[in-house]
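Residue-level structure breakdown
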Amino acid sequence: MNQADFYSLLPIIVLTTWSALLLIVDLFIDDKKKGITAVLAAAGLALTMGLTLSQTGQTVIGFNGMVILDGFSTFVNTLLLFSGLMAISVAYGYIKRRGIERGEYYSLILFSIVGMMLMAQARDLIVVFIALEMLSIPLYVLAAIDNSNAKSEEAGIKYFLLGAFSGGFVVYGVALVFGATGSTAFAEIAASIATGNAETLLVLAGAALILVGFGFKVGAVPFQMWTPDVYEGAPTSVTAFMAAGAKIAGFSALMRVFATAFPDIAVDIAPVLAVIAALTMIVGNVAAIAQKNIKRMLAYSSIAHAGYILMAFAAFANPALRDDAISAGIFYLVAYAITSFGTWAIVISLEKEDGKGLAIEDYAGLGRTKPLMAAAMTIFMLSLTGIPPTLGLIGKLYLFRVVVEAQFMWLALIGILTSLISAYYYLRVIVIMYMKEGEPETVSESWLTFTWGAMAVLTVVLSLIPASLFAWASGALMK
Amino acid sequence: MTTMQVLFLFFAAIILGSAIKVVTTKKMIHAAFWLVVALFGIAALYAMLNAGFLAMVQIVVYVGAIAILFIFAVMLTRKELLDKGAALNNNKTIAALISLVFFGGLLLLLTNWSGFTKMAPDLPEGDMVAKLGEALVTPNAYLLPFEVASVLLLAALIGAVYVANEARSE
């Protein structure tokens, strides 16, 4: 193992060591003081984030091409570590309140992030698969972590079974691609396809199976069935992490695989991806209208947002637009992660121990009793819809621009129409908060307040200076 | 009888004996351990056939992964590690008949079989198991996936113990 190998994975190695040590240190921390474990876990994430940021602008290939450190991985890893910090911030008080506070909770979050980061750096299908399992298994356990609650257990087992099933699809796809091209390394797969040595049909079938596997992970239609049940049943702090983290990692892996391993079959795959994107937007947004439970509504909303991000993949077919499509996609992921963590923090503030307080009707009167919280919720709902002045709008604008440039007019049209549909159920939350009478009970917990406050400010402020953020996203290119 | 034949009979007896114990023993955990013995015996047969790689895969995959999985599942899910029901049920006559027919069919096929007409391609020179082992710990080969898999197993272990332990304490 030479220095470059070590350097390319330095943040991941540090975080893995930190999580393993955290498991041991946690043994000596009193059960009543598990907050210390949370602080230590957050410190590990912050340290790793510092290391990741210090690697900005560098390109290092490690382990004989298995992993790569480049602008893309630095950007995505920073976003993932930010999600991890937010996940700990929303969980800190909530899991204490629900009586599920355990040191393992934080270690599992760290292990999952290790998998996600490895996924963003993977340059070999074997690493992609192991990283996928590495990020999923802790999530299965986290979904079922409240095992005195049947719904949480149901969420865990459902997520586990479908996740294992989708993992099987990925392995099958990897095997077919390996059979067709004789390699699992992205660069060699691309070279083999470009020279025409590979059996095109086998490669296409393999790529399709990998797509199906990741479709499950990011909740794209028709592989979205698990999302509402799992999001509803899992403890809300886990759902928040799952919504942002798993999506970011899944999409970054999809982008890397399809941009660097299968660039020459992008033309064949783009229409399929466009149809999946359209279906995902339609199903997610239409099904969300009927929801009465806010967690289920946000689950369908997350499906819809997966559809918007998938639109970026339709633009892949045009090589000139590839970099723009990737920047637009990861910019949208930033916007979604910030908005969604803010929303979930407010959902957690209103949730009661017995699982009540999750109906949308429970938000009635929030505008009067908690004006600041209601204002923040308004900002998040506007951002999810894509109404100015929020980050959600900017994200959608960049996405629609690439889609239109890629000549997928019909897809952009569906995107705009479904955004209009989504306005109905997002704005309904705002209407209920301000127009209906009610006495909502909220929990005041400093880290929760910090999360939704900071996310609301970020959603608005970043939308005013989108150019600099987009410039950073544009610099996040794959090498 | 050559030494090889004696060894074969020895291992065959172990495999058959432990395989019978797998289905007759009442204790689930004993069944899992007898299965491990049977699988080790099969690995020994592979080794005798000069298929070192297969022998190793047999131990790693079947003994190392699948049998351990059985033991884990039994220990994590059952309070009592006993199977209380009868080992035989009403279908035993039919089951025995079907098994006999299959056994007869296989016997017929194998006695009339003329042997392999097509041989497997020769493997490159050298010790395959050693090469595989080297590949797993070489940074330029598969060191990274190998190491990450070990971290993955750690996370899975913590998760499994956590979920099962809590469920039992209620």
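Presented here is a report on the structure given in the accompanying data block. Because the structure is a prediction, the values reported are computed rather than measured. (Residues numbered from 1 in each chain as written. Chains lettered and ligands numbered in written order. Predicted model: local features only at pLDDT ≥ 70, side-chain atom pairs only at ≥ 80, totals over all residues. Heavy atoms only, no water.)

Observations concerning the overall build of chain A
For the record, the criterion: Secondary structure elements are defined from DSSP: runs of H or I of at least 4 residues count as helices, runs of E of at least 2 residues count as strands, and each element is numbered from the N terminus. Computation of the radius of gyration draws on C-alpha atoms alone. For the globule rule, the value is 2.2 Å times the number of residues to the power 0.38. Think of it in three bands: residues with accessible area under 20% of the maximum for their type are buried, residues over 50% are exposed, and the middle band is partly exposed, with areas taken using a 1.4 Å probe on protein chains only. Only the protein chains shown count as cover for residues, and all accessible areas are computed by the Shrake-Rupley method using a 1.4 Å probe.
Helix and strand counts for chain A come out as 20 helices and 2 strands. For 479 residues, the compact-globule estimate of 2.2 N^0.38 gives 23 Å, and chain A sits close to it at 21 Å. Considering only C-alpha atoms, chain A reaches an extent of 70 × 55 × 40 Å along its principal axes. Sorting the 479 residues of chain A into buried and exposed places 65% on the buried side. Of the roughly 16,000 Å² that chain A leaves accessible, carbon and sulfur atoms contribute 69%.

Quick look at unusual backbone geometry
All names here are of chain A. Backbone torsion omega between V221 and P222 reads 5°, so that peptide bond is classified as cis. Take P222: it is sitting in the loop between α9 (200-218) and α10 (226-233). For F63, which is not glycine, the phi dihedral falls at a positive 50°. On the secondary structure map, F63 appears in the loop between β1 (60-62) and β2 (67-69).

Considerations on helix α5 (residues 103-121) of chain A
Since one α-helical turn is 3.6 residues long, residues separated by three or four positions face the same way. Put simply, the test is: Expected span, for any helix, means 1.5 Å times one less than how many residues it has.
Taking 1.5 Å of rise per residue, 19 residues should cover 27 Å, and α5(A) covers 28 Å from first to last C-alpha, within 8% of that figure. Here α5(A) lies mainly inside the structure; 18 of its 19 residues are buried.

As for the interface of chain B and chain A
To keep things clear, this is the line we draw: Here a residue-residue contact requires only that any non-hydrogen atoms of the pair lie within 4.5 Å. Computed with a 1.4 Å rolling probe, the buried area is the accessible surface lost when two parts are put together, summed over both parts. Residues adjacent in sequence count toward polar contacts only when both atoms are side-chain atoms; beyond that, a polar contact is any pair of N or O atoms within 3.5 Å, and within protein one must be able to donate a hydrogen and the other to accept it. Here the nonpolar group is Ala, Val, Leu, Ile, Met, Phe, Trp, Tyr, Cys and Pro; Asp, Glu, Lys and Arg are the charged ones; every other residue, Gly included, is treated as polar.
Listed as interface residues are 21 residues of chain B and, on the opposing side, 25 residues of chain A. Buried surface at the junction of chain B and chain A, both sides included, amounts to about 2,100 Å², of which 78% is carbon and sulfur. On the chain B side of the contact with chain A, B:L144, B:L152 and B:Y162 bury the most area, a combined 29% of that side's loss. Linking chain B with chain A are 2 residue pairs in polar contact (both at pLDDT 80 or more), by the criterion used here. For the side of chain B that touches chain A, the per-class residue count stands at 17 nonpolar, 2 polar and 2 charged.

Here we look at the packing of aromatic side chains
All names here are of chain A. Quick reminder of the rule: Ring pairs shown here join Phe, Tyr and Trp side chains whose ring centres sit within 6.5 Å, with only the six-membered ring taken for Trp; geometry is labelled stacked below 30 degrees between planes, edge-to-face above 60, and tilted in between. Lysine and arginine charges are scored as sitting over a ring when NZ or CZ, respectively, is within 6 Å of the ring centre and within 35 degrees of the ring normal.
Tallied over the full model, the rule gives 20 aromatic pairs over all chains. Their ring planes at 65° and their centres at 4.8 Å tell us that F75 and W472 sit as a pair that is edge-to-face. Of the two residues, F75 is situated in helix α4 (residues 71-98) and W472 in helix α20 (residues 466-475); the sequence distance between them amounts to 397 residues. Members of the aromatic cluster, joined through ring pairs, are Y140, Y159, F160, W226 and Y231. Directly above the ring of Y308 sits K396, whose terminal nitrogen or CZ lies 4.4 Å from the centroid.

Points about the environment of B:F40
Mapped onto the elements of the fold, B:F40 is located in helix α2 (residues 28-48). Remark: the alpha-carbon pair of B:F40 and B:A67, spanning 27 residues in sequence, is separated by 11 Å.

Re the nonpolar core
Counted only if it meets this: Residues enter a nonpolar core if they are buried and are Ala, Val, Leu, Ile, Met, Phe, Trp, Tyr or Cys, with the set joined through side-chain atoms within 4.5 Å.
One finds A:F262, A:Y363 and A:L411 to be the most contacted residues of the largest nonpolar core, which totals 193 residues. If one sorts the elements of this core by residue count, helix α14 (residues 322-350) of chain A sits on top with 19 residues. In contact with A:Y363, other than residues within four places in its own chain, are A:I294, A:I346, A:V347, A:L350, A:G357, A:M377, A:I432 and A:M433. One finds B:F11, B:I15, B:L45 and B:M48 within the second-largest nonpolar core, a separate group that totals 5 residues.

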